[in-house]
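# Results of the structural survey
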Amino acid sequence: QVQLVESGGGLVQAGASLRLSCVASGRTTFSSYSMGWFRQAPGKEREFVTAISWGGLGTLYADSVKGRFTISRDNAKNTVYLQMNSLKPEDTAVYYCSATPYSTGLLAPDRYHYWGQGTQVTVSS
């Protein structure tokens, strides 16, 4: 079992930055999981944002955030980060951290076994 707890969300103006953190705990090895961030806006389906491989060398980004968001991980701290720059109102959503033992198919939510409770990000225009 893996427990995930996100933090760092908030209300910001367009153009601002936020850094989300997700701390993993439980009877497992954090470094054996690929980690992902998804988001869900009101009335919309959960969508893929970004993912990072076990060792942190491989990353994937949705086209909508490429060049603005950066995912990273610190396996010594059991933590994955999402640095979000140049935020736009359309980035407003609940952001979820997720973990999967797989290294492929990381864009699909159903590949992830564990999910955090989510953190709200609101970007005003």
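Read on for an overview of the structure. (Residues numbered from 1 in each chain as written. Predicted model: local features only at pLDDT ≥ 70, side-chain atom pairs only at ≥ 80, totals over all residues. Heavy atoms only, no water.)

### Comments concerning the side chain of T50
Looking at where T50 falls in the secondary structure, it is placed in strand β5 (residues 47-52). Side-chain polar atoms of T50 contact the backbone oxygen of L60, separated by 2.7 Å. With residues up to four places along the chain from it excluded, the contact list for T50 reads M35, G36, W37, L60, Y61, I71 and L82. (Helix = DSSP H or I, 4+ residues; strand = E, 2+ residues; numbered from the N terminus. Polar contact = N/O pair within 3.5 Å; in protein donor to acceptor, adjacent residues only side chain to side chain. Contact = heavy atoms within 4.5 Å.)

### A short note on the environment of S125
Following the sequence through the fold, S125 ends up in the segment after β11 (119-124). Separated by 37 residues in the primary sequence, S125 and K88 place their C-alpha atoms 7.5 Å from one another.

### Here we look at the nonpolar core
Within the largest apolar cluster, 34 residues are counted, with the highest numbers of intra-cluster contacts made by L4, M35, W37, V80, M84 and Y95. Counting residues per element, the ones that place at least two in this core are β3 (18-25), β4 (34-40), β5, β7 (69-74), β8 (79-84), β9 (93-100) and β11. (Core = buried A, V, L, I, M, F, W, Y, C linked by side-chain atoms within 4.5 Å. Buried < 20%, exposed > 50% of the residue type's maximum accessible area, 1.4 Å probe, protein only.)

### A short note on the environment of Q3
Relative to the elements of secondary structure, Q3 occurs in strand β1 (residues 3-7). Note: C-alpha distance between Q3 and G26 (23 residues apart in sequence) is 5.9 Å. Setting aside chain neighbours within four positions, we find Q3 in contact with V23, A24, S25 and G26.

### Quick word on the sheet that holds β1
If you trace the four strands from one edge of the open sheet to the other, you get β1-β3-β8-β7, paired in antiparallel fashion. The outermost strands of the open sheet, each flanked by one partner alone, are β1 and β7. The mean angle between the axes of side-by-side strands here comes to 15 degrees, regardless of whether they run parallel or antiparallel. When β7 meets β8, the two strands line up antiparallel, connected through six bridges. Bridging from a neighbouring strand, F69 pairs with M84 of β8. (Pairing = 2+ DSSP bridges. Axes fitted to C-alpha atoms, helices over the stretch in contact; angles between N-to-C directions.)

### Some words on the pattern of salt bridges
Tallied over the full model, the rule gives four salt bridges. In this structure, E47 engages R39 in a salt bridge whose closest nitrogen and oxygen atoms are separated by 2.6 Å. Overall, the relative accessible area of 35% leaves E47 in the partly exposed class. You can call R39 buried: its relative accessible area is 6%. Between K66 and D63 there is a salt bridge whose closest N-O contact spans 3.2 Å. (Salt bridge = Lys/Arg side-chain N within 4 Å of Asp/Glu carboxyl O.)

### What about the environment of I52?
Examined against the element boundaries, I52 turns out to sit in strand β5. Measuring from C-alpha to C-alpha, the distance between I52 and A99 comes to 9.9 Å, with 47 residues separating the pair along the chain. Ignoring sequence-local partners within four residues, the contact set of I52 consists of S34, M35, G58, T59, I71, S72, R73 and V80.

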